[in-house]
Amino acid sequence: MKGVDHVNLPQLNINGKMTSIPIIQGGMGVGVSLSNLASSVANAGGIGIISGVQIGFREEDFETNTKKANMRALAKEIRSAKNLSPNGIIGANLMVAINNYKDMVKVAVDEKVDLIISGAGLPKDLPSFVKGTDTKIAPIVSSAKAASLITKLWLRRYDYLPDLIIVEGPDAGGHLGFTVEELQGSTPLLEDILKDVITAIKPFEESKRRKIPIIAAGGIFDGKDISKFIKLGADGVQMGTRFVATHECDAPIEFKKSYINSTKENIGIISSPAGMPGQAIINPFIKRIQAEREKVSKCYNCLTPCNPLTTQYCISKALINAVKGDIDNGLVFIGKNGYRLQEIVSVKELIDELLGELKKS
Ligand SMILES: Cc1cc2nc3c(=O)[nH]c(=O)nc-3n(C[C@H](O)[C@H](O)[C@H](O)COP(=O)(O)O)c2cc1C
């Protein structure tokens, strides 16, 4: 790969799978990170993650046969990403809160995906699905307590140490593992959560004599941020928002433009049928559903915690509208620093810029 040379950059070792740069592109649904973005990041030396949430939205039978359409599309996207990046590391992000979680995990493992990352709940039984395979697994946590809990559980039930742990702070785009009250008050900083997770995980690493790479996520914008979190003890970072403003991102141009046009003031916390708050652009759609409940005309049966009779809006419809370019009728998740984006660049340009800044700091 031409551009910034990778010599002396920290590498990520995910229980035997090595990357040349310590950057994971976070899974972004619906349809924001599919095979095009994931393979481009993997080809640039990072880890590309396909989001599995309602991934079948372009399949012909999505409306009538949603589960099967999602499973088929997940298999297709993993195959396509692996074809486009035969030597890269490709993962799938599968949210625990989705209704067909186990089926989707099985598809990803059958397709020999390199890594499964699961948040929006604790992936308690994930090790049972990867036994005897080469697929690595990682939980997303937002506290040291959750990190200890899932590590203890996996060890007790499956004698399995997480291959990687993602620590996501309050500035991330998408769903957040904090209460609205926490987010309005003094939410812990990613820096502090990260330090606590590193301390909490140490005894498990010592007992098994194996290092668990810890990844910081949420609000990481430039190479200086990456350097800061590595100095604090992180082994790498997961970034979402910055990868949306790339040519290779699978979202339509209207979605990317809404990022470029966002302002500090119109990025905020919303409530979600997933039962957790989310960080999004406060656009006409959000203002409308905040004022009045939008009746659900069709339920996709997507999220375990959602009740279609009482939900304020249908999150599947809102996310699919956004990824089809109907931004004013859609939900656009974004990280807190998204307003700082000025232009759409290529993945290679972005990674070169990040690595250049990282090397200088
Ligand atoms: C548009 C968008 C969609 C996202 N969708 C998901 C998702 O489906 N599952 C998930 O675990 N995280 C999701 N995330 C979180 C990202 O994977 C990542 O952790 C986060 O964006 C990091 O924060 P940053 O955007 O400030 O870099 C999403 C984020 C964005 C911006």
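The structure this text deals with has already been given above.
Below you will find a few notes about this structure. (Residues numbered from 1 in each chain as written. Predicted model: local features only at pLDDT ≥ 70, side-chain atom pairs only at ≥ 80, totals over all residues. Heavy atoms only, no water.)

## Things to note about the overall build of the chain
Tallying secondary structure elements over the chain gives 13 helices and 13 strands in all. Against the globule reference of 21 Å for 361 residues, the chain gives a C-alpha radius of gyration of 19 Å, in line with a compact fold. Principal axes of the C-alpha set define a box for the chain whose edges measure 55 × 45 × 45 Å. Looking at the chain as a whole, 60% of its 361 residues are labelled buried. Sequence separation of at least 24 residues holds for 65% of the intrachain contacts in the chain that already meet a minimum separation of 6. When the accessible surface of the chain is split by element, carbon and sulfur atoms take 49% of a total near 15,400 Å². Of the charged side chains in the chain, 44 are positive and 39 negative, and the gap between their average positions amounts to 4 Å. (Helix = DSSP H or I, 4+ residues; strand = E, 2+ residues; numbered from the N terminus. Rg over C-alpha atoms; globule rule 2.2 N^0.38 Å. Buried < 20%, exposed > 50% of the residue type's maximum accessible area, 1.4 Å probe, protein only. Contact = heavy atoms within 4.5 Å. Areas by Shrake-Rupley, 256 points an atom, 1.4 Å probe, with all protein chains shown as cover. Lys, Arg positive; Asp, Glu negative; His and termini not counted. Charge placed at Lys NZ, Arg CZ, Asp CG, Glu CD.)

## A look at the environment of G29
Structurally, G29 can be placed in the loop between β3 (23–25) and α1 (35–43). If we skip the residues at most four places from it in the chain, G29 touches S51, V53 and L319.

## Re the packing of aromatic side chains
For the structure on display, the rule yields 4 aromatic pairs. Centre to centre, the rings of W154 and Y160 are 6.1 Å apart; their planes meet at 85°, and the pair counts as edge-to-face. The pair formed by W154 and Y160 is uniform in burial state, with each residue classed as buried. Judged by centre distance (5.6 Å) and plane angle (85°), the rings of F285 and Y313 are edge-to-face. Here the residue F285 occupies a position in helix α11 (residues 284–291), and Y313 occupies one in the loop between α11 and α12 (315–323), the gap between them amounting to 28 residues. The exposure class of F285 is buried, given its relative accessible area of 1%. By relative accessible area, Y313 is classed as buried at 1%. When the ring centre of F221 is taken as reference, the NZ or CZ atom of R340 above it lies at 4.2 Å. (Phe/Tyr/Trp six-rings, centres within 6.5 Å; stacked < 30°, edge-to-face > 60°. Lys NZ or Arg CZ within 6 Å of the ring centre and 35° of its normal.)

## Looking at α11
Restricting attention to buried positions, one finds in α11 the residues F285, I286 and I289. Buried residues of α11, viewed axially, fall in a sector of 95°; they line one side. In α11, the exposed positions angled more than 90 degrees off the buried face are occupied by K287 and A291. Check the buried side of α11 and you find it contacts β12 (267–271), β13 (277–281) and α12. (Arc of directions from axis to C-beta.)

## Points about the site of the ligand
As a structural note, the neighbourhood of the ligand is formed by 24 residues, with G27, E168, G219, Q238 and T241 the closest of them. Measuring from a nitrogen atom of the ligand, one finds a backbone N or O atom of G29 at 3.1 Å. Note that an oxygen atom of the ligand is positioned 2.9 Å from one of the backbone N or O atoms of G240. Protein chains shield 95% of the accessible area of the ligand, which is 600 Å² for the free molecule. Broken down by class, the residue content of the shell around the ligand amounts to 9 nonpolar, 13 polar and 2 charged. (Near = heavy atom within 4 Å. Polar contact = N/O pair within 3.5 Å; in protein donor to acceptor, adjacent residues only side chain to side chain. Nonpolar A, V, L, I, M, F, W, Y, C, P; charged D, E, K, R; others polar.)

## Some thoughts on the pattern of salt bridges
Scanning the entire structure with this criterion turns up 17 salt bridges. One salt bridge in this structure joins D125 and R157, with 2.8 Å as the shortest N-O distance. Here D125, found in the loop between β6 (115–118) and α4 (126–130), pairs with R157, found in helix α5 (residues 144–158); they are 32 residues apart in sequence, far enough to count as distant. The exposure class of R157 is partly exposed, given its relative accessible area of 42%. Of the charged contacts in the structure, one is a salt bridge between K211 and D235, with a shortest N-O distance of 3.1 Å. Linking K211 in the loop between α7 (190–208) and β10 (214–217) with D235 in the loop between α8 (223–231) and β11 (236–239), this pair joins segments that are 24 residues apart in sequence. Connected via shared salt-bridge partners are K17, D114, D134 and K136. (Salt bridge = Lys/Arg side-chain N within 4 Å of Asp/Glu carboxyl O.)

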